[in-house]
Amino acid sequence: MDQPVCSVPDGKKLISIKRTRESVPRSRKKMNSTEDLDYPQVILQYNSGFLVSKVMFTACELGVFDLLLESGEPLSSDAIAARLGTSTTGMERLLDACVGLKLLAVELTQEGALYRNTEISNIYLTKSSPKSQYHIMMYYSNTVYLCWHYLADAVREGRNQYERAFGILSKDPFGAMYRSEEEMLKFMAGQNSVWSICGRDVLAAFDLSPFRQICDLGGGGGALARECVSLYPNSMVTIYDLPKVVQLAKEQFVPPEEHRIAFREGGGVLLVESLLNEDKSGPLETQLYSMNMLVQTEGKERTAAEYSKLLEAAGFREVQVKRTGKLYDAVLGSK
């Protein structure tokens, strides 16, 4: 008997997805079944998972899917290898692996095997497609993949692994991610890839039409902002990000004629707090406020140095402190 698994919205329709017990993939079956204990199929699939990823990443990087789309006809492995400048033996094995992954289809003719893209590859793995995931694939292959090589070290130490993977000090994660303009472009293009297939769903989850002014914090290349003004044409979106990110987004991703998207470099936060003396000897009113926070909110009052440290850890490089001489003081953090 068919069992309903879930319902997913598709525009104005609600599609009920069903799966028969017989159609459940082996990797989703109960792990401790007698079948799995006799031969650990699921464990072996997990073991080779990274091989699958690398096959897809490599075919993208070498331009296999782009070439087959542009050619307009199936090609032999020799023709693909010649046009992409690879070995024939290596290319043939890569193409056959892609066939096994259903990323390519193969037709056996008298002249030999001819390869073509499957529909899913045309849509998501070619650079020219509006829904292309090529850039996020390349980011995973060339950055994320290398960091994950040191996953055990990350678990032991509780910190990122940019230093081991790239020889870059990792106290500032975004400094490591944006270690060059080229790397920053790759990351931004990768994020834009994700928003091309996820952005509209996120923005349509709630009706945002009442909000005419929308702020996109950490908006990067502006893909989500573009989806937003497309979905809500009467809205204005302001992107806040680091100055170098804003500059690159203006140059590379958001056309100047798009007047519904604006940029703001950096940003600031104003803390209105009652500041303790640096030696915490007073003021008495602030100490009493701190005691009150203990019994009510579990918060606490801090010194100017303590607030500065918190702001700097959050990426606010310029911190200014002004004591007003009254109940509350001001701390301004700027990026």
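Thresholds applied
- Residues numbered from 1 in each chain as written.
- Predicted model: local features only at pLDDT ≥ 70, side-chain atom pairs only at ≥ 80, totals over all residues.
- Heavy atoms only, no water.
- Helix = DSSP H or I, 4+ residues; strand = E, 2+ residues; numbered from the N terminus.
- Buried < 20%, exposed > 50% of the residue type's maximum accessible area, 1.4 Å probe, protein only.
- Contact = heavy atoms within 4.5 Å.
- Areas by Shrake-Rupley, 256 points an atom, 1.4 Å probe, with all protein chains shown as cover.
- Pairing = 2+ DSSP bridges.
- Axes fitted to C-alpha atoms, helices over the stretch in contact; angles between N-to-C directions.
- 1 Å grid on protein atoms, 1.4 Å probe; cavity = no way out; pocket = protein on both sides within 12 Å on 5 of 7 lines; lining within 4 Å.
- Points joined across faces, edges and corners; volume = space filled by probe spheres on them.
- Nonpolar A, V, L, I, M, F, W, Y, C, P; charged D, E, K, R; others polar.

A. Molecular detail of the overall build of the protein chain. Along its length, the protein chain carries 16 helices and 11 strands. For the protein chain, the residues scored as buried account for 31% of the 335 residues in total. Long-range pairs, those at least 24 residues apart, make up 49% of the contacts in the protein chain with a sequence separation of at least 6. A total of about 21,500 Å² of accessible surface is found on the protein chain, and carbon and sulfur atoms cover 55% of it.

B. Up close: the sheet that holds strand β5 (residues 112-117). If you trace the three strands from one edge of the open sheet to the other, you get β3-β5-β4, paired in antiparallel fashion. Strands at the two margins of the open sheet, each flanked by one partner only, are β3 (75-76) and β4 (104-109). With six bridges joining them, β4 and β5 adopt antiparallel strand pairing. Counterpart to Leu 104 in the pairing with β5 is Asn 117. Against the sheet, helix α4 (residues 64-71) engages β3, β4 and β5, with an angle of about 95 degrees to β5.

C. Region of the structure containing the pairing of strand β10 (residues 318-322). Bridging between β10 and strand β11 (residues 329-334) involves five bridges; their strand directions are antiparallel. By the bridge assignment, Val 319 is partnered in β11 with Gly 333. Counted between consecutive antiparallel strands, the loop separating β10 from β11 contains six residues, among which Gly 325 sits at a positive phi close to 80 degrees.

D. Examining the layout of surface pockets more closely. The volume enclosed by the largest pocket comes to roughly 700 Å³. For the largest pocket, the lining is made up of 27 residues, of which Phe 174, Asp 241, Leu 242, Ala 314 and Lys 335 are closest to its centre. Counting only elements with at least two residues in the lining of the largest pocket, the list comes to α11 (173-177), α12 (181-204), β6 (213-217), β7 (236-241) and α16 (304-313). When residues of the lining of the largest pocket are assigned to their parent elements, the largest contribution, four residues, is made by α12. Classifying every residue of the lining of the largest pocket by side-chain character gives 13 nonpolar, seven polar and seven charged.

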